[in-house]
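# Secondary and tertiary structure notes
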Amino acid sequence: GMHGTVEWLPGSPLGNTGYDSWSDTLLADLPNVYVYAANNPSESVVAKRRGYGTLVSYNVPPYGRSGLYAALTEARAVLTEYREAQGADVADVRLALREQIMQAIEKAGLTSDIPFPGDAEDVQSTSPELFDRYADDVYGYLSILEQRLFSSGLHTLGQKPTEGVRVSYL
């Protein structure tokens, strides 16, 4: 967690000093070093004021896009083929891709995230409109997954970030 015990004990929030403050009683003469994320100055100031903390700041990890991988990429590829089908036989091509799409969705583990609204055992007899809507929903869900942000790595105190990590902060 980010918070320590000292700054939230009774006494300090009320501006009490001396032995009215449990923080003072708990710490006595012990040094209080707080390692706080550099992006959280307001809470680190509370630790400094209430717990007489010496603050050591660190960088938060840069964020990156999650992207898609393995079975998720395969699912999007077959959905893209379905969505981009053109020509006189577009209905036949899309019908032929339905089973492949359902297998890719199952392989990617998406059936519980986006359940098929019809009979998943008989996708061939599902109306084109219903299947198109489902394919669009799954494609949209994959786009959301691909664009999700995540923390990529940890900052090590005392070490400069590599050039690649520095660039990812931008």
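The paragraphs below set out a description of the structure included in this document. (Residues numbered from 1 in each chain as written. Predicted model: local features only at pLDDT ≥ 70, side-chain atom pairs only at ≥ 80, totals over all residues. Heavy atoms only, no water.)

## Brief notes about the overall build of the protein chain
Helix and strand counts for the protein chain stand at six helices and four strands. When the helices and strands of the protein chain are placed in sequence order, the string is α-β-α-β-β-α-α-α-β-α. Over its C-alpha atoms the protein chain spans a radius of gyration of 27 Å, topping by over 25% the 15 Å that the globule rule assigns to 170 residues. Dimensions of the protein chain, computed from the C-alpha atoms along their principal axes, are close to 85 × 40 × 20 Å. Sorting the 170 residues of the protein chain into buried and exposed places 29% on the buried side. Taking as baseline every contact in the protein chain between residues at least 6 positions apart, the subset at least 24 positions apart corresponds to 61%. When the accessible surface of the protein chain is totalled, it reaches about 11,100 Å², and 54% of it is carbon and sulfur. Within the protein chain, the 22 negative side-chain charges are centred at a point lying 11 Å from the centre of the 13 positive side-chain charges. (Helix = DSSP H or I, 4+ residues; strand = E, 2+ residues; numbered from the N terminus. Rg over C-alpha atoms; globule rule 2.2 N^0.38 Å. Buried < 20%, exposed > 50% of the residue type's maximum accessible area, 1.4 Å probe, protein only. Contact = heavy atoms within 4.5 Å. Areas by Shrake-Rupley, 256 points an atom, 1.4 Å probe, with all protein chains shown as cover. Lys, Arg positive; Asp, Glu negative; His and termini not counted. Charge placed at Lys NZ, Arg CZ, Asp CG, Glu CD.)

## Some thoughts on helix α4 (residues 90–107)
Helical geometry: 3.6 residues make up each α-helical turn, so side chains three or four residues apart lie on a common side. The end-to-end C-alpha separation of α4 is 25 Å, in line with the 26 Å expected for 18 residues at 1.5 Å each. Roughly 35 degrees is the biggest bend found in α4, and it falls at Arg98. Those residues of α4 that sit buried are Leu97, Arg98, Ile101, Met102, Ala104 and Ile105. Packed against the buried residues of α4 are α3 (70–83) and α5 (128–147). (Expected span 1.5 Å × (residues − 1). Bend = angle between axes of the 7 residues up to and from the residue.)

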